[in-house]
Amino acid sequence: IAAFYGASGSGKSFAIKKIIKTDKRVLIYDPEGEYQSENCIVISSSLELVKFVKSKHLKNFRITFEPKARKDFLVFCQIAFAECHSEYPLTIVVDELGGVTSIAKAPPAWHTVLTRARKYGGKIRAGTQSPAEADKTLLRNRSSLWCGMLETPKDRRYISDETGIDLEIIESLVGEPHFDSILQERGKPWVKMRKGKIVMKEND
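Cut-offs used in this document
Just so you know, the residues in each chain are numbered from 1, in the order the chain's sequence is written. pLDDT decides what is reported in this predicted model: residues at 70 or higher carry local features, side-chain atom pairs at 80 or more are listed and counted, and totals for whole chains, interfaces and linings draw on all residues regardless. To obtain the side-chain values, all non-hydrogen atoms of the structure were included, while hydrogens and water were left out. Working definition: helices are DSSP H or I runs of at least four residues, strands are E runs of at least two. Numbering for both runs from the N terminus. What makes two residues a contact is simply this: any of their non-hydrogen atoms within 4.5 Å. Take the buried Ala, Val, Leu, Ile, Met, Phe, Trp, Tyr and Cys residues and link them wherever side-chain atoms come within 4.5 Å; each set so joined is a nonpolar core. Relative accessible area decides the class of each residue, using a 1.4 Å probe on protein chains only: under 20% of the type maximum gives buried, over 50% gives exposed, and in between gives partly exposed. It is the directions from the helix axis to the C-beta atoms that the arc portrays. Only the contacting stretch of a helix is used when fitting its axis, a line to C-alpha atoms as for every element, and angles between N-to-C directions run 0 to 180 degrees. Note on angle classes: values under 35 degrees are labelled roughly parallel, values over 145 roughly antiparallel, values of 65 to 115 roughly perpendicular, and the remainder oblique. Lys, Arg, Asp and Glu make up the charged group, whereas Ala, Val, Leu, Ile, Met, Phe, Trp, Tyr, Cys and Pro make up the nonpolar group; the residues left over, Gly among them, are polar. Buriedness of a pocket was judged along seven lines, with at least five required to meet protein on both sides within 12 Å; pockets are open sets of points on a 1 Å grid over the protein atoms alone, cavities are sets where a 1.4 Å probe fits but cannot get out, and lining residues have an atom within 4 Å of a point. Grid points are joined across faces, edges and corners, and a volume is the space filled by probe spheres set on the points.

A word on the environment of Ile165. Here Ile165 lies in the loop between helix H6 (153-163) and helix H7 (167-171). Considering only alpha carbons, one finds Ile165 and Ser144, 21 residues apart in sequence, at a separation of 14 Å. Every residue in contact with Ile165, bar those within four places of it in the chain, is listed here: Leu145, Ser160, Ile170, Ile182, Gln184 and Trp190.

In structure tokens, the structure reads:
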């Protein structure tokens, strides 16, 4: 479970695209149409999504789902969990999570994905521009964190409080053209990156 947080211009979507580039079975919730160029079939109807995934059950596919309504997220989550299989790993991507969850506990179908999909081969890559406006379930169940520049003091404090990373470090992150980010694997020290190179480590 990889959590991605960063404002517009932070490089968040680029970072997600990079780690899913070679995955064979990919299902993306993409309300902003960010992933059309990632060798994906574009589907915008939840009914069409159900039919297509059923026809490709346990086969390779790369789908970007561009929903018409917020309620389509429920269908997406149900399909994603149903397609998880330990022998046929499925990458589940949700970008702009703040538009479909709230600051409280994750909605039931998304909560199921976050807490149970990994057991069945699900690989979750999800994030939002504003972590303070999205559910806490993702952040607290993460196995890794990517954090870029955050827009508001509230978001920066939230990430600092939840991760233990010094607020000053989070405030120091700059977006394009530097594309600063903090990477942290659970239980390991964080590192600060700039244009893909390490510039600082937690114990420096």
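Moving on to the nonpolar core. Of all hydrophobic cores here, the largest spans 45 residues; its most connected members are Leu27, Phe73, Phe76, Ile92, Trp110 and Ile124. Counting residues per element, this core draws most heavily on helix H3 (residues 72-82), which supplies five residues. Residues in contact with Trp110, not counting those within four places in the same chain, are Phe73, Cys77, Val94, Leu97, Thr101, Ile124, Ala126 and Asp135.

Bringing helix H2 (residues 46-55) into the picture now. Of all the residues in H2, the buried ones are Leu49, Phe52 and Val53. Buried residues in H2, looked at end-on, bunch into an arc of 95 degrees, giving them a common side. Facing away from the buried surface of H2 by more than 90 degrees, the exposed residues are Leu47, Lys51 and Lys54.

This brings us to the packing of H2 against H3. Between H2 and H3, the shortest axis-to-axis distance is 10 Å and the interhelical angle comes to 10 degrees. As the angle between them shows, H2 and H3 are arranged roughly parallel. Of the residues in H3, those in contact with Ser46, Leu49, Val50 and Val53 of H2 are Asp72, Val75 and Ile79. The residue inventory of the contact of H2 with H3, partitioned by class, reads five nonpolar, one polar and one charged.

Turning our attention to the layout of surface pockets. In this structure, the largest pocket encloses a volume near 730 Å³. Taken together, 32 residues form the lining of the largest pocket, with Gly11, Phe14, Ala15, Trp146 and Ser181 sitting closest to its centre. Looking at the lining of the largest pocket, the elements that each hand over two or more residues are strand S1 (2-5), helix H1 (12-20), strand S7 (144-147), strand S8 (180-185) and strand S9 (191-194). Element by element, the count of residues in the lining of the largest pocket is highest for H1, at six residues.

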